[in-house]
Amino acid sequence: MSFVNGNKIFADARKGHYAVGAFNTNNLEWTRAILKGAQEKNVPVLIQSSMGAAKYMGDYELVRNLVEQEMRVMGITVPVIMHLDHGNYEAAKEAIAAGYTSVMFDGHDLPFDENYAKTKEIVELAHSKNISVEAEVGSIGGEEDGIIGEGELADVEEAKKIADLGVDYLACGIGNIHGQYPANWKGLNFDRLQELADVIKTPLVLHGGSGIPQEQVVKAIKMGVAKLNINTECQLAFAAATRKYIEAGKDQEGKGFDPRKLLAPGADAITDTVKEIIDWMGTPAIK
């Protein structure tokens, strides 16, 4: 199966009050683990690379080809969206040229007028090639590729203006943050989410999904969030399983040092995490 864009998948999710997972890949193991989880649950999945991950792995074309070829050899039959996560203006254009089927232009750190103008340009370019576009209004807390956000709340009027450009899904700050959540985190601001959902029918995106209590995630999905971004939770699961393998001395037993064996517990942990979060989101199996 070839890549699809996210338009119908996320529009259906918004209407159906469920979400579809957006999982970051960082290498071959990550890619295979995510695809395996989605295939076993028989649900669509969005695989995304950040600018930093794409640079680490090579470039956008390499990432795209890796995911596509893994789909081929694994016999993946569920719909897969190839997405750029938190791309700046240049990265969005590079990912479009590389054959991604969905891109996020993240202009939240720009003056609103500049964010608006560049989002408009990316939407026109991407849509001419049948590529989906995600935009962002209001900073998401934490750090993503060197951009630090304080977790501000999106301005409803600004969010409506960006949505009206025809973006296919919209990320809005509602108190969420990237990375691990601190003990004094106040939780999602559901009042602001309701204000946004009342005036924006575009599928909404919850970034920083890792670490938000399950009941808050479920509530946000019922209110209009259709795309849930997950990265840190998979990283933590991978690290914990790999640590357990090494601390148990498995790497010193026979050929336990072989990277295919050394990395296998971590990859399995990613797959288990993907499947667990799919259940949280209520993503229906493909009939």
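Residues numbered from 1 in each chain as written. Predicted model: local features only at pLDDT ≥ 70, side-chain atom pairs only at ≥ 80, totals over all residues. Heavy atoms only, no water.

1. Remarks on the packing of aromatic side chains
Logical step 1: The tally for this structure, following the rule as stated, stands at five aromatic pairs.
Logical step 2: Here the aromatic rings of phenylalanine 10 and tyrosine 169 are separated by 4.9 Å at their centres, their planes lie at 55°, and the arrangement is tilted. Within this pair, whereas phenylalanine 10 is found in helix H1 (residues 7-16), its partner tyrosine 169 is found in strand S8 (residues 169-172), the two being separated by 159 residues in sequence.
Logical step 3: On the numbers, 5.9 Å between centres and 80° between planes, the contact of tyrosine 60 with tyrosine 100 is edge-to-face. With tyrosine 60 in helix H4 (residues 60-74) and tyrosine 100 in the loop between helix H5 (89-98) and strand S4 (102-105), this pair connects stretches of sequence that are 40 residues apart. (Phe/Tyr/Trp six-rings, centres within 6.5 Å; stacked < 30°, edge-to-face > 60°. Helix = DSSP H or I, 4+ residues; strand = E, 2+ residues; numbered from the N terminus.)

2. Focus: the pattern of salt bridges
Logical step 1: Across all of its chains, the model carries 13 salt bridges by this definition.
Logical step 2: Notably, a salt bridge pairs lysine 8 with aspartate 12, separated by 2.6 Å at the nearest N-O pair. Of this pair, lysine 8 and aspartate 12 both sit in helix H1, four residues apart, roughly one helical turn.
Logical step 3: Since its relative accessible area comes to 60%, lysine 8 is described here as exposed.
Logical step 4: The partly exposed category is assigned to aspartate 12, whose relative accessible area is 27%.
Logical step 5: Its salt-bridge partner being glutamate 195, residue arginine 192 comes within 2.7 Å of it at the nearest N-O pair. With arginine 192 and glutamate 195 both in helix H8 (residues 190-199) and three residues apart, the pair spans about one turn of that helix.
Logical step 6: Judged by relative accessible area, which is 39%, glutamate 195 ranks as partly exposed. (Salt bridge = Lys/Arg side-chain N within 4 Å of Asp/Glu carboxyl O. Buried < 20%, exposed > 50% of the residue type's maximum accessible area, 1.4 Å probe, protein only.)

3. Points about the UniProt feature "binding site: dihydroxyacetone phosphate" (unreviewed entry) in the protein
Logical step 1: Mapped onto the present numbering, the UniProt feature "binding site: dihydroxyacetone phosphate" (unreviewed entry) falls on Gly179, Gly208, Gly209, Ser210, Asn229, Ile230, Asn231 and Thr232.
Logical step 2: Within the secondary structure layout, isoleucine 230 lies in strand S10 (residues 225-230).
Logical step 3: The class for isoleucine 230 is buried, based on a relative accessible area of 2%. (UniProt positions renumbered as here; feature names shortened; annotations may be inferred.)

4. Quick word on the packing of helix H6 (residues 112-127) against helix H7 (residues 156-163)
Logical step 1: Contact pair H6 / H7: the axes reach a minimum separation of 10 Å and the direction vectors enclose 20°. Classified by the angle their axes make, H6 and H7 are roughly parallel. Between H6 and H7 the crossing geometry is right-handed. The segment H6 lies against H7, with Phe112, Asn115, Tyr116 and Thr119 engaging Glu158, Lys161 and Ile162.
Logical step 2: Grouping the constituent residues of the contact of H6 with H7 by class yields three nonpolar, two polar and two charged. (Axes fitted to C-alpha atoms, helices over the stretch in contact; angles between N-to-C directions. Parallel < 35°, antiparallel > 145°, perpendicular 65-115°, else oblique. Left-handed = near helix turned anticlockwise from the far one by under 90°. Contact = heavy atoms within 4.5 Å. Nonpolar A, V, L, I, M, F, W, Y, C, P; charged D, E, K, R; others polar.)

5. Quick notes on the side chain of glutamate 134
Logical step 1: Mapped onto the fold, glutamate 134 is located in strand S5 (residues 132-137).
Logical step 2: A distance of 2.7 Å separates a polar atom in the side chain of glutamate 134 from a polar atom in the side chain of histidine 207.
Logical step 3: In this structure glutamate 134 touches His83, Val103, Met104, Phe105, Tyr169, Ala171, Val205, His207 and Lys227, once residues within four positions along its chain are discounted. (Polar contact = N/O pair within 3.5 Å; in protein donor to acceptor, adjacent residues only side chain to side chain.)

6. Notes on the sheet that holds strand S2 (residues 45-50)
Logical step 1: Spatially, eight strands are ordered S1-S2-S3-S4-S5-S8-S9-S10 in a closed barrel, and the strand pairing comes out parallel. The sheet shows a mean angle of 25° between the axes of neighbouring strands, taken without regard to direction.
Logical step 2: Across two bridges, the pairing between S8 and strand S9 (residues 204-206) is parallel. Looking at S9, one finds that alanine 171 is bridged to valine 205.
Logical step 3: Of the strands in this sheet, S2 and strand S3 (80-87) touch H4, which is tilted by about 155° from S3. (Pairing = 2+ DSSP bridges.)

7. Some thoughts on the packing of helix H2 (residues 28-41) against helix H12 (residues 264-281)
Logical step 1: Contact geometry of H2 with H12 gives a least axis separation of 8 Å together with a crossing angle of 40°. If you check the angle between H2 and H12, you find them oblique. Here H2 and H12 pass one another in a crossing that is right-handed. Contacts between H2 and H12 pair Glu29, Trp30, Ala33, Ile34, Lys36, Gly37, Ala38, Glu40 and Lys41 from the former with Ala267, Asp268, Ile270, Thr271, Val274, Lys275, Ile278 and Asp279 from the latter.
Logical step 2: Across the contact of H2 with H12, the residue classes tally to eight nonpolar, two polar and seven charged.

8. Here's the deal with unusual backbone geometry
Logical step 1: Phi at histidine 86 is positive, roughly 50°, even though this residue is not glycine.
Logical step 2: Tracing the backbone through its elements, the reader meets histidine 86 in strand S3.
Logical step 3: With relative accessibility at 4%, the residue histidine 86 sits in the buried group.

9. Focus on the pairing of S4
Logical step 1: The alternating pattern of S4 places Ser102 and Met104 on one face and Val103 and Phe105 on the opposite face, and all of these are buried.
Logical step 2: Pairing of S3 with S4, which is carried by three bridges, proceeds in the parallel orientation. Directly across from histidine 83, in S4, lies its bridge partner serine 102.
Logical step 3: Viewed along the sheet, the connection from S3 through H5 into S4 turns out right-handed.
Logical step 4: Pairing analysis gives four bridges linking S4 to S5, with the strands arranged parallel. By the bridge assignment, valine 103 is partnered in S5 with valine 133. (Right-handed = clockwise from strand over helix to strand, strands pointing away.)

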